[in-house]
Amino acid sequence: MKLQRKNGLRATALGALAVSGALVLTACGSDNNNEGSTGTKSSAASSAVCKDAKGQLLASGSSAQKNAMDLWVKNYMSTCTGVEVNYKSSSSGEGIVAFNQGTVGFAGSDSALKPEEVADSKKTCTGGGQGINLPMVGGPIAIGYHLEGVDNLVLDAPTLAKIFDSKIKTWNDPAIKALNPDAKLPSKPIQAFHRSEDSGTTQNLGKYLGATASSDWKYEAEKKWPAPGGQAASGSAGVATQVKQVDGSIGYFELSYATSQKISTVKIDTGASAPVEANSENASKAIAAAKVKGTGKDLALELDYATKADGAYPIVLVTYEIACDKGNKPATLATMKSFLTYTSSEEGQKLLSEAGYAPIPAEINAKVRETVASLS
């Protein structure tokens, strides 16, 4: 494991790092969003979680949680020797497809399973089991932008909706000016970037716009980008890279991509006493109001995207780990339970704040740990 600790699990596109003779696949289209770039201090997982864990565990899905997964995998494998966890960062949609095809032990998704996806999961989850949602990672969806000479930008939901729907086309539009009276806004064209593949991050942004700007955003909240115009890029990393490089651009991605690449982020005017910045603490205030809407062992959450609470950043997502309530693959069940026990532990959740994410509220996380322990 010395090589792993030395290199800090640095990811490259479709890259792999040899660890004790095994490959840890970290991310398709990834960049330097890792422990070294976020400055997070890691600590090893408790050896108690390693019980019965062995062999290789494959997982895939959400790119929003990639940086959290990198840290978790590194810490877990540094303690649980002889275990190999491979998380392929792609998209929520691809992760669910892989899970329902039975090619991964669990999947990451930034939106809860749809009824038809639950129905499909019954083919993979044996013995009458089905896929369930385990909320594991919270965090803000940052609206990142690159506009030379403007480093403190405020937008509200209707203005964001019109920008991403190609109705507002230049940075000196009167709607943007009204929200930023002191900014020197250029007449530069706006280049809006969105995800090219099915994405839970896209769906959560759509839920926010639908809840707060329904007269300006007429689209259903789906994983596929719905609006005409704009430019597409692959994964959160791809959108962030484009925004970083292109003056006049705007896009959306999980906060750690903005932090690691030093991309400016929009403050959101929610109607609260002051515009709200995208950060872990402010996202936590919004996620803390979430309620469990799932039944049985399913812990899907209902988020309040229209919150106007002071200091609550409203554009948030929760990434779920998708597993079978029963009927998981016998060969990887013990390792999956071991790994998810670590990620939902107090120690695992503490890492999230340090990396720019938001921990799952304690009351909900207690239910997650209970459910993980009951997986069969």
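Residues numbered from 1 in each chain as written. Predicted model: local features only at pLDDT ≥ 70, side-chain atom pairs only at ≥ 80, totals over all residues. Heavy atoms only, no water.

**Student:** I tried to follow the packing of aromatic side chains on my own but got confused; where do I start?
**Tutor:** For any pair of aromatic rings, geometry is given as the distance between the ring centres together with the angle between the planes. Considering all chains together, one arrives at eight aromatic pairs under this definition. Judged by centre distance (5.7 Å) and plane angle (20°), the rings of Trp-225 and Tyr-252 are stacked. Of this pair, Trp-225 sits in the loop between helix H8 (200-212) and strand E9 (231-233) while Tyr-252 sits in strand E10 (residues 249-254); the two residues are 27 residues apart in sequence, bridging distant segments of the chain. What links up through ring pairs into an aromatic cluster is the set Phe-164, Trp-217, Tyr-219, Trp-225 and Tyr-252. (Phe/Tyr/Trp six-rings, centres within 6.5 Å; stacked < 30°, edge-to-face > 60°. Helix = DSSP H or I, 4+ residues; strand = E, 2+ residues; numbered from the N terminus.)

**Student:** Would you explain the confidence of the model for the protein chain in this entry?
**Tutor:** The predicted coordinates of low-pLDDT regions are not to be read in fine detail. Across the protein chain, the average pLDDT comes to 89, with 88% of residues at 70 or higher. The low-confidence segment residues 1-42 (pLDDT under 50) makes 106 contacts with residues lying over four places distant or belonging to another chain. (pLDDT = per-residue confidence, 0-100. Contact = heavy atoms within 4.5 Å.)

**Student:** Please explain the pattern of salt bridges as it appears in this structure.
**Tutor:** Between side chains of opposite charge, pairing is possible as soon as their charged atoms come close. One pass over the full model with this rule turns up eight salt bridges. Residue Asp-165 is joined to Lys-167 by a salt bridge in which the shortest nitrogen-to-oxygen separation is 3.2 Å. According to the relative accessible area criterion, Lys-167 is exposed, its value standing at 57%. Of the charged contacts in the structure, one is a salt bridge between Lys-188 and Asp-247, with a shortest N-O distance of 3.3 Å. You can see Lys-188 sitting in the loop between helix H7 (174-179) and strand E8 (191-195) and its partner Asp-247 sitting in the loop between helix H9 (235-245) and E10, a full 59 residues away along the chain. With relative accessibility at 30%, the residue Lys-188 sits in the partly exposed group. (Salt bridge = Lys/Arg side-chain N within 4 Å of Asp/Glu carboxyl O. Buried < 20%, exposed > 50% of the residue type's maximum accessible area, 1.4 Å probe, protein only.)

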